[in-house]
Amino acid sequence: MAAISIKGVCKKYGTVSVLRGIDLEVRDGEFIVLVGPSGCGKSTLLRLIAGLEEITTGEIRVDNRVINELAPKERDLAMVFQSYALYPHMTVRENLRFGLSLRGIPRERMEMLVQGVSEKLGLTGLLERKPRQLSGGQRQRVAMGRAIVREPKAFLFDEPLSNLDARLREQMRYEIRRLYLELRTTSIYVTHDQVEAMTMADRIVVMNDGIAQQVGPPQELYDDPANLFVAGFIGAPAMNLLEATLREDSGAPGDVTVMIGSEALAAVQRPSSMPVTGRVIAGIRPERMSFGADANGIPAEVDLVEATGIGMIMHIKAGGQLLKIYTTDRIKFRSGDRLAMHIDPLDLLLFDVDSGKRLRPLSQGAAHP
Amino acid sequence: MRRTLLWLEPYFYAAPSVILIGAIMFVPLVIGLSYAFHDITLLDPLSGDYVGLQHFRELYADASFWNALRNTVIWTVSCVVLQFGLGLMLALLLNRPFVGRRAIQLCVFLPWAVPSFLSGLNWAWLFNPVVGPLPYWLSALGVMKTPDNLLSDPDHALWGPIIANVWWGIPFFAITLLAALQSIPKDLYEAATMDGANAWQQFRRITLPLLAPTIAITVMLRTVWIANFPDLIVVMTRGGPADSTQILASYIFTQAFQRLDFGYASAVAAVLLLLLLLYALALLALRHALAKRG
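This is a predicted model, so every value here is computed, not measured.

1. Some points on the overall build of chain A
When you go through chain A residue by residue, the secondary structure sums to nine helices and 21 strands. Along the three orthogonal principal directions, the C-alpha set of chain A runs to about 80 × 45 × 35 Å. The buried share of chain A, reckoned over its 369 residues, is 39%.

Printed below as a string of structure tokens:
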């Protein structure tokens, strides 16, 4: 096990910058998930750590030792690939043994390790099979086994579940997480699926455009996104992001009113840096909004109702903008119905229109709400 | 009756192609083989009798035949080994990305497109000290004492057509092996790198096993083709000097079209056919055994 420290890492292919200064401290035994849309540089970062690509500038340390110039095999990290990359001409047993035999581990110890891992992963009955004779989930397990059996300093996962169907993905997610809790080996896990990120990570790194947008525990990223990108990326259904203006004439001193169109959404504390134009993006999670048929609230009209079984997603129109409400109540609204929304001012997050940065209230500083 | 017809129906559908293939492939083969048991000499109106195994008895006592058989083995083995070895190296080089790779790939394919007779003439001239530079280069390098024609030296003449054939046949292996190499997923090598395999270990434990099926089939095909391929020898040396470059295929050609003894030539051809069949069967059996064990 090892701590991994990434300082100012940049990666360029020719003139194209893929990573633009990544700083990240992965603690010993931590499960870190790198998440972001395709092309954000998350896989590249993983490959830099693995040693499959060269670092342009910056520094990566494993256990306080700079590994920039080390060959992959000297880094002692194990990787699980999206395609599993199992050796097709070898049996499961040979696949598991391959890395061990290259390291000159004695035969008896090798058999013992393979045995141990295959029991742990339920591969005992499959050891003599070739990869093509295995199902997707079994291949995934062999790929995991090949990583675990070497007892490396850290695991690197490159979208390991994206080739599986939804049900299997859910199950493997659970198995990987359980296995991690058992082994407690430092893990860096790349995915584009924010649900995977939320469910598996100790800490999430949200990446976009080659930059780490925010690093933190899943719930913190969800509740307290640092910018528009994180707010929009984390959470499904996604956060409502509304074009709004701030009006200064509210009752309490230090408060401003958030308006969408001509409707007042809520009175909130004045942000520490007030935009000159007064224009902001107001964000609110679909499940943090309540509603009713009463008259005192923000008037809105139901556009469409989607039933997900576990709940409902209501698309509504308010102040000339479309937004979503998520509820687990069994509601009877239909398209065209009118209703009134209620918003708790504390649930309303404000973002700068130009920079996308979060606008926090004066009193709150840079910390939590 | 109706039942029989129904049972036969699919065979009727298949019949045209079966008959066509039979007529094109098996009829000439059977007629050709039957020549081996007849005395057929062109320009001899009295020939044409059935002679049984007489040609094969002659053959057994024919020193030229045994010489040609020995040369066939040397010719085939050296051509296949060199073509395969160099072709594999070329394929491995071409499998790495570099500027101008497509153009080079095209150039590599070029020898294959040259007609065999033309390339035979070309190489014969290259080895000829009157017009070709090779004898001078070889003697300057100390490989040859004097700039002589390699093709007129009975001890080494066979190397002339072998070199020409290697040059001509490398593209076949390079292109087929390159195609096979490109079908090996890149992340297998990345996984092997993470597992700690160096370049040689990756080649031996990933590349070679995954190329094995392609290697088996191409080597088998190439062996049969090369053993059966008299063009370069006929053009470059006509089997000479003193039969030192005669292989079975060129011996058949000489017997048939110079001595005009089609009967005897067919007997030699039958022996060559039998040997190649045995070789192919042995290779298939070996592959089967290996596949079972692996």
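And the narrative resumes.
2. Quick notes on the nonpolar core
Ranked by internal contacts, the top residues of the largest apolar core, which has 104 residues, are Leu34, Ile49 and Leu156 of chain A. In contact with isoleucine 49 of chain A, other than residues within four places in its own chain, are Ile4, Ile60, Leu77, Leu156 and Ile188 of chain A.

3. Some remarks on unusual backbone geometry
Residues and elements named next belong to chain A. With an omega of -5°, the peptide bond running from alanine 236 to proline 237 counts as cis. Note on placement: proline 237 falls in the loop between α9 (228-233) and β11 (240-247). You will see that asparagine 64, though not glycine, has its phi angle at about 70°, which is positive. Residue placement: asparagine 64 occurs in the loop between β4 (57-62) and β5 (65-66). Its 8 C-beta neighbours within 10 Å are what place asparagine 64 among the exposed residues. Its identity is not glycine, yet glutamate 151 carries a phi of approximately 50°, on the positive side. Along the chain, glutamate 151 turns up in the loop between α5 (136-148) and β7 (154-158). Accessibility expressed as a C-beta count within 10 Å gives 14 for glutamate 151, which makes it partly exposed.

4. Describing the sheet that holds strand β15 (residues 289-292) of chain A
All names here are of chain A. Read from one edge to the other, the open sheet built from five strands follows the order β15-β19-β16-β17-β18, with strand pairing classed as antiparallel. Either end of the sheet is taken by a strand with one partner, and the two such strands are β15 and β18 (321-327). Within this sheet the neighbouring strands show an average axis-to-axis angle of 45°, counted without direction. Alignment of strand β17 (residues 312-318) against β18, held across seven bridges, turns out to be antiparallel. Opposite lysine 317, over in β18, you have leucine 322 as the bridge partner.

5. Structural notes on the environment of serine 335 of chain A
Residue and element names in this part refer to chain A. With respect to the secondary-structure elements, serine 335 resides in the loop between β18 and β19 (338-343). Along the chain, serine 335 and isoleucine 281 lie 54 residues apart, while their C-alpha atoms are 27 Å from each other. When neighbours within four sequence positions are excluded, serine 335 is seen to be in contact with Val302, Asp303, Leu304 and Val305.

6. Focus: the domain arrangement of chain A
Residues and elements named next belong to chain A. Domain annotation for chain A reports domain 1 (4-232) and domain 2 (237-359). Residue-level contacts link seven residues of domain 1 with ten residues of domain 2. For the side of domain 1 that touches domain 2, the per-class residue count stands at five nonpolar, two polar and no charged.

Rules of the game
Residues numbered from 1 in each chain as written. Chains lettered and ligands numbered in written order. Predicted model: local features only at pLDDT ≥ 70, side-chain atom pairs only at ≥ 80, totals over all residues. Helix = DSSP H or I, 4+ residues; strand = E, 2+ residues; numbered from the N terminus. Buried ≥ 20, exposed ≤ 12 C-beta atoms within 10 Å, placed from the backbone. Core = buried A, V, L, I, M, F, W, Y, C linked by C-beta atoms within 7 Å. Contact = placed C-beta atoms within 7 Å. Pairing = 2+ DSSP bridges. Axes fitted to C-alpha atoms, helices over the stretch in contact; angles between N-to-C directions. Domains from an automatic or database assignment. Nonpolar A, V, L, I, M, F, W, Y, C, P; charged D, E, K, R; others polar.

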